[in-house]
Structures are given as structure tokens and as C-alpha cells.
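Below, each chain spelled out in residue letters.
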Amino acid sequence: TRLIQEISVLLWHWEPPFSVINFILNAVPVVISFKFIGKKFTGYSCLMIVVSGILTDMVPAWPVTEDILLIAIFGGLINALAISLCLFANATSGGTDFIAIFLSEKYGIDSWNYIFAGNVVILGIAGALFGWVIVILFLYSIIFQYTSTQVLHVLYKRYQKQTLIIVTKRPEDVYEAIAEITHHDATLIKGEGCYSKQECDVLYSVVGRDEVSKVVNTVRETDPQAFVNMIRTENLAGRFYQRPND
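All of these numbers come straight from a predicted model, not from anything done at the bench. (Residues numbered from 1 in each chain as written. Predicted model: local features only at pLDDT ≥ 70, side-chain atom pairs only at ≥ 80, totals over all residues. Heavy atoms only, no water.)

### A few points about the pairing of strand S3 (residues 199–208)
For a regular strand, side chains alternate in direction, first toward one face of the sheet and then toward the other. The buried fraction of S3 amounts to 7 of the 10 residues, a majority that puts the element mostly inside the structure. When strand S1 (residues 161–168) meets S3, the two strands line up antiparallel, connected through 8 bridges. From the neighbouring strand, Ile166 faces S3, where its bridge partner is Leu203. As paired elements, strand S2 (residues 187–192) and S3 share 6 bridges and run antiparallel to each other. By the bridge assignment for S3, Glu192 is matched with Glu199. Between S2 and S3, which pair antiparallel in sequence order, lie 6 residues; one of them, Lys197, sits at a positive phi of approximately 60°. (Buried < 20%, exposed > 50% of the residue type's maximum accessible area, 1.4 Å probe, protein only. Helix = DSSP H or I, 4+ residues; strand = E, 2+ residues; numbered from the N terminus. Pairing = 2+ DSSP bridges.)

Here it is in C-alpha cells:
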């Protein structure tokens, strides 16, 4: 939206309203979201887009500091916090966030870094169009986008996966606890302790990272002697239950 505003000023010496451009650009992602993600999710997201666009036009800018680096870092941090609030409420702030959720829902990937790459391309176009001064601002904008993306990646874990390997003497009870919390299955593997030479049961399961803490606490309550190994899962092929947004 900001890029289009700047191009309009450059070509026609007129800056169109932020909200109008923002609404137009969000039209296609809104259709994708409505079709593939959910009606309620899309409705709340549209409310967010409308309110955000109107407030951006209405609320004046109050400079806190002239340090561009501080603005880029803390602006990215605040932006990530705002987007996270939307995502926790099963909504999004619009634009590329719609695309990120769509990719995560359809292909089960954590796509925020891909969105960051797309934003870098847009910023690169801005740098090419508006010269070296804008290129410097473009570099600061990359810092803003990177900060925002990484903080969001840490805060919002819905589409991230974690592998749990649990050694337990109560496999049935532990499995029931996992299934009740996450609706995920588990695989039971028969093993033997190398030191104790006693038979043991190993449960293998993959859950969402946002569910790990609750699962581990419940496993501890079910079997205080259980040994739990948590491994971050980068890629996953096959069926994996994902809670619907609506």
C-alpha cells in the first residue's frame, strides 16, 4: 500500500488514501481465505482490515524518536505483537498474512519466512524505483520486516510441529492423555533399557508446538517417571490433524 502511494505521488503528485488501496489489495486474499480457511476467520479479518485502514488515515503520526534503526526494530516488534493478537483470536491483519495462513493450512508449513522473502521483493521494487535514498530506507525496512517475522515466528506456534518420544510404564494412559488434548495419534514401540535390561514402552507422536507444554505436563501427571524427549520437526509428510480455524 505504501509503495503504491509513493508511486502515485511520483507520477501524479497525489497520494491516495491508505484505506482505499489497502481494501483493494486485500480483496483477492479475502476471497482465498473465505474459500479455503473459513468464513468466521475471514469475517474477523475483514473487520481488522477495515478498522486498521480507517485508523491509519485518522490517527496522526507522533514521532517518538528520529533514530531509524530504533524505529525499524521496535516498529517490527510492535507489528508482530499486533499480528499475534489477531492470530490468537483466529483472525489476521490481512494482506500477506492471509497467504501465510493459507499456505500453512493447505501444505502444513510454517510460511512466515517465505512471506518475509516476498516483502523483501516488494521493498526491492521500491528501492529500484526511488533511488539510493530510498534504498537506504529499504534496508531499514528489511530490518523491520525481519524483526516482525522472527518475533511472530516465536510467538505464534500453531503451524510448527514437535516430535515427542516418551519412555513410559503406562503407555495406554499416556496415549489417552495425548489423544484427548491434541486429537493426534501415537505409535507404540517395544524396547528394552540398556542399563536396567528391563522391557519398556516408547510412544512416538507428533503434535503442534503450541500444544507441547500442556501435553508434557499431562504426561508428567499421568506417569511421573516418564522420560520425554522433544524434537523440533522441520518437515512432515502424511496426515496430520489440524484444528479448524472456525
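### Some thoughts on helix H9 (residues 212–222)
One full turn of an α-helix is made of 3.6 residues, so residues set three or four places apart face in the same direction. For H9, the set of buried residues is Val212, Val215, Val216, Thr218, Val219 and Thr222. Projection of H9 onto a plane perpendicular to its axis shows the buried side chains occupying an angular sector of 165°, all on one side. The exposed set on the far side of H9, more than 90 degrees from its buried face, consists of Ser213, Lys214 and Glu221. Residues of H9 that are buried make contact with S1, helix H8 (171–182), S3 and strand S4 (227–233). (Arc of directions from axis to C-beta. Contact = heavy atoms within 4.5 Å.)

### A few points about the pattern of salt bridges
Should their charged atoms come close, side chains of opposite charge can pair. For the structure shown, the criterion picks out 3 salt bridges. Where Glu6 meets Arg2, a salt bridge forms, and the shortest distance between an N and an O atom there is 2.8 Å. With a gap of 4 residues between them, Glu6 and Arg2 both fall in helix H1 (residues 2–12), about one helical turn apart. Glu6 sits in the partly exposed class, given a relative accessible area of 32%. As a salt-bridge pair, Arg170 and Asp173 come within 2.8 Å of each other at their nearest N and O atoms. (Salt bridge = Lys/Arg side-chain N within 4 Å of Asp/Glu carboxyl O.)

### What to know about the state of the cysteines
Inspection of every chain in the model, using the stated rule, returns 0 disulfides. With no disulfide of its own, Cys46 has Cys86 as its nearest cysteine by sulfur position, at a separation of 12 Å. With no disulfide of its own, Cys194 has Cys200 as its nearest cysteine by sulfur position, at a separation of 8.6 Å. Taking the relative accessible area as the measure of exposure, Cys194 reaches 69% and is therefore exposed. (Disulfide = S-S within 2.5 Å.)

### Overview of the sheet that holds S3
Taken in spatial order, the 4 strands make up an open sheet running S2-S3-S1-S4, and their pairing is antiparallel. Lying at the two open borders of the sheet, with one neighbouring strand each, are S2 and S4. Each adjacent strand pair in this sheet contributes to an overall mean axis angle of 25°, direction not counted. Together, S1, S2 and S3 form the strand contacts of H8, whose direction differs from that of S3 by roughly 5°. Sheet contacts for H9: S1, S3 and S4; angle to S4, the most-contacted strand, approximately 165°. (Axes fitted to C-alpha atoms, helices over the stretch in contact; angles between N-to-C directions.)

### Some words on the packing of H1 against helix H2 (residues 18–25)
Closest axis-to-axis distance for the H1/H2 pair is 9 Å, and the angle between their directions is 125°. The pairing of H1 with H2 is recorded here as oblique in orientation. Judged by the sense of rotation from one axis to the other, the crossing of H1 with H2 is right-handed. Contacts between H1 and H2 pair Arg2, Ile4 and Gln5 from the former with Phe18, Ile21 and Leu25 from the latter. (Parallel < 35°, antiparallel > 145°, perpendicular 65-115°, else oblique. Left-handed = near helix turned anticlockwise from the far one by under 90°.)

### Here we look at a nonpolar patch on the surface
On the surface, Leu69, Leu70, Ile73, Phe74, Leu77, Ile78, Leu81, Phe88, Ile143, Val154 and Leu155 cluster together into a nonpolar patch covering about 940 Å² of accessible area. Breaking the nonpolar patch down by element, the ones donating at least two residues are helix H5 (68–88) and helix H7 (112–155). Considering each element in turn, the nonpolar patch owes the most residues, 8 residues, to H5. Using a relative accessible area of 30% as the deciding quantity, one classes Ile143 as partly exposed. (Patch = residues over 30% accessible without salt bridge, like charges linked within 9 Å, V, L, I, M, F, W, Y side chains within 5 Å. Areas by Shrake-Rupley, 256 points an atom, 1.4 Å probe, with all protein chains shown as cover.)

### As for the nonpolar core
Ranked by internal contacts, the top residues of the largest apolar core, which has 13 residues, are Leu164, Ile166, Val174, Ile178, Val219 and Val228. Secondary structure elements with two or more residues in this core: S1, H8, S3 and H9. Of the residues forming this core, the biggest block, 4 residues, is contributed by H9. When residues no more than four places from it in sequence are discounted, the contact partners of Val219 are Ile166, Val174, Ala226 and Val228. Counting 12 residues, the second largest nonpolar core, distinct from the first, contains Ile37, Phe41, Ala80 and Phe102. (Core = buried A, V, L, I, M, F, W, Y, C linked by side-chain atoms within 4.5 Å.)

Such coordinate-based values are descriptive only and should not be taken to indicate function.
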